[in-house]
Amino acid sequence: MRILKSLAELRNWRQQQSEVALVPTMGNLHDGHLQLVKTALERCDNVVVSIFVNPMQFGANEDLDSYPRTLEADCRALDALGVAAVFTPQISDVYPRGLDKQTRIEVPGISDILCGASRPGHFTGVATIVCKLFNMVQPQLAVFGEKDYQQLQVIRLMTQDLSLPVEVLGTPTQRETSGLAMSSRNGYLSAEQKQQASALYRTLEKTKAELRSNTDFKALEKAAINDLTEAGFAPDYFSIRNAKDLQEATPEDSQWVLLAAAFMGETRLIDNLRVTNNNAK
Ligand code: PAF
């Protein structure tokens, strides 16, 4: 496995390849990431994983400095899976004029709601780095987790709006046996908090079941917020949305998505579930 530490090394390597699939990550890889890599490998022999903790997507009070960096262990795990290359660019390669002067990608209509309302600028940071990674790596395919559902929709729209020649593939959320969605931020939780945090998935499942016979979305959201609070969470939001554009749900939508963000102690967790509306025409 090649470890490409600069844009120059990447470009040199890329010239000698034909098809490439990309799995963009911020490192600290868990089984959820490894599943993205396995999915990419099913579609393409030549997989490159990028590892870059992107400062542009972190808010001023967020965990950029403490975000876990585990490059050696990450590379061992990727090598064992048969990844062709790991791209770990330097900050000067990614933002050569500094963060403040960097050209940014805004995806309107979807970036300022839900997680974007609580984390201003976050999705601009995500869209900008993913667009840059697509330009640097020039993959035919890029694989992302559905756990970050809003992020996945932002990336899909950005790719479509900018006519980027990349297929964006979402893959199902990997869960602990408790139902807790796998996330690098789970490492911040104590054993007890981890157990409590599985209530996030249970609440999504309960709401999904109720949606079969009840489309009073506001009442369902309120009940879910109460359940999360009782389980020890400080909820940020629980929202039922149209699965495609993430606008407010209507009874006519063919697919909904239930999206939740909640704090367990200091740790902000997110999760989601998609629901098919069996009554849609
Ligand atoms: O999901 C992530 O790990 C990041 O948001 C991504 C897509 C690698 C962009 O930095």
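Given the structure is predicted, the values throughout are model-derived calculations rather than measurements.

How each quantity is defined
Residues numbered from 1 in each chain as written. Predicted model: local features only at pLDDT ≥ 70, side-chain atom pairs only at ≥ 80, totals over all residues. Heavy atoms only, no water. Near = heavy atom within 4 Å. Polar contact = N/O pair within 3.5 Å; in protein donor to acceptor, adjacent residues only side chain to side chain. Areas by Shrake-Rupley, 256 points an atom, 1.4 Å probe, with all protein chains shown as cover. Nonpolar A, V, L, I, M, F, W, Y, C, P; charged D, E, K, R; others polar. Helix = DSSP H or I, 4+ residues; strand = E, 2+ residues; numbered from the N terminus. Salt bridge = Lys/Arg side-chain N within 4 Å of Asp/Glu carboxyl O. Disulfide = S-S within 2.5 Å. Pairing = 2+ DSSP bridges. Axes fitted to C-alpha atoms, helices over the stretch in contact; angles between N-to-C directions. Contact = heavy atoms within 4.5 Å.

**Section: the site of the ligand**
With respect to spatial proximity, the complete set of residues near the ligand consists of Pro-24, Thr-25, Met-26, Gln-57, Ile-129, Asp-148 and Gln-151. Interatomic distance of 2.7 Å between a side-chain N/O atom of Gln-57 and an oxygen atom of the ligand. At a separation of 2.7 Å, an oxygen atom of the ligand approaches a polar side-chain atom of Gln-151. Protein contacts shield 89% of the accessible area of the ligand, which totals 290 Å² for the unbound molecule. A per-class count over the shell around the ligand returns three nonpolar, three polar and one charged.

**Details of the side chain of Gln-153**
Relative to the helices and strands, Gln-153 is located in helix H7 (residues 149–161). A distance of 3.5 Å separates the side chain of Gln-153 from the backbone oxygen of Ala-243, its partner in a polar contact.

**Brief notes about the pattern of salt bridges**
Counted according to the given criterion, the structure contains 12 salt bridges. For Glu-62, the salt bridge goes to Arg-119, with nearest N and O atoms at 2.6 Å. Residue Glu-62 is found in the loop between strand E3 (47–51) and helix H3 (71–81), and its partner Arg-119 is found in the loop between helix H5 (115–118) and helix H6 (122–137); the two are separated by 57 residues along the sequence. Salt bridges linked by common partners bring Lys-218, Glu-221, Arg-241 and Glu-248 together as one network.

**Section: the state of the cysteines**
As enumerated under the stated definition, the model contains zero disulfides in all. Distance from the sulfur of Cys-75, which forms no disulfide, to the nearest cysteine sulfur (Cys-44) is 19 Å.

**Details of the sheet that holds strand E7 (residues 234–242)**
Pairing is antiparallel in the open sheet, where three strands are placed in the order E7-E8-E9. Either end of the sheet is taken by a strand with one partner, and the two such strands are E7 and strand E9 (267–276). Averaged over neighbouring strand pairs, the angle between their axes works out to 10 degrees when direction is ignored. Both strand E8 (residues 255–264) and E9 contribute to a ladder of 10 bridges, which runs antiparallel. Paired with Ala-261 across the bridge in E9 is Ile-270. Across the sheet, helix H9 (residues 199–211) is in contact with E7, E8 and E9; its angle to E9 comes to roughly 25 degrees. On the sheet, helix H10 (residues 217–230) packs against E7 and E8 and is oriented at approximately 150 degrees with respect to E7.

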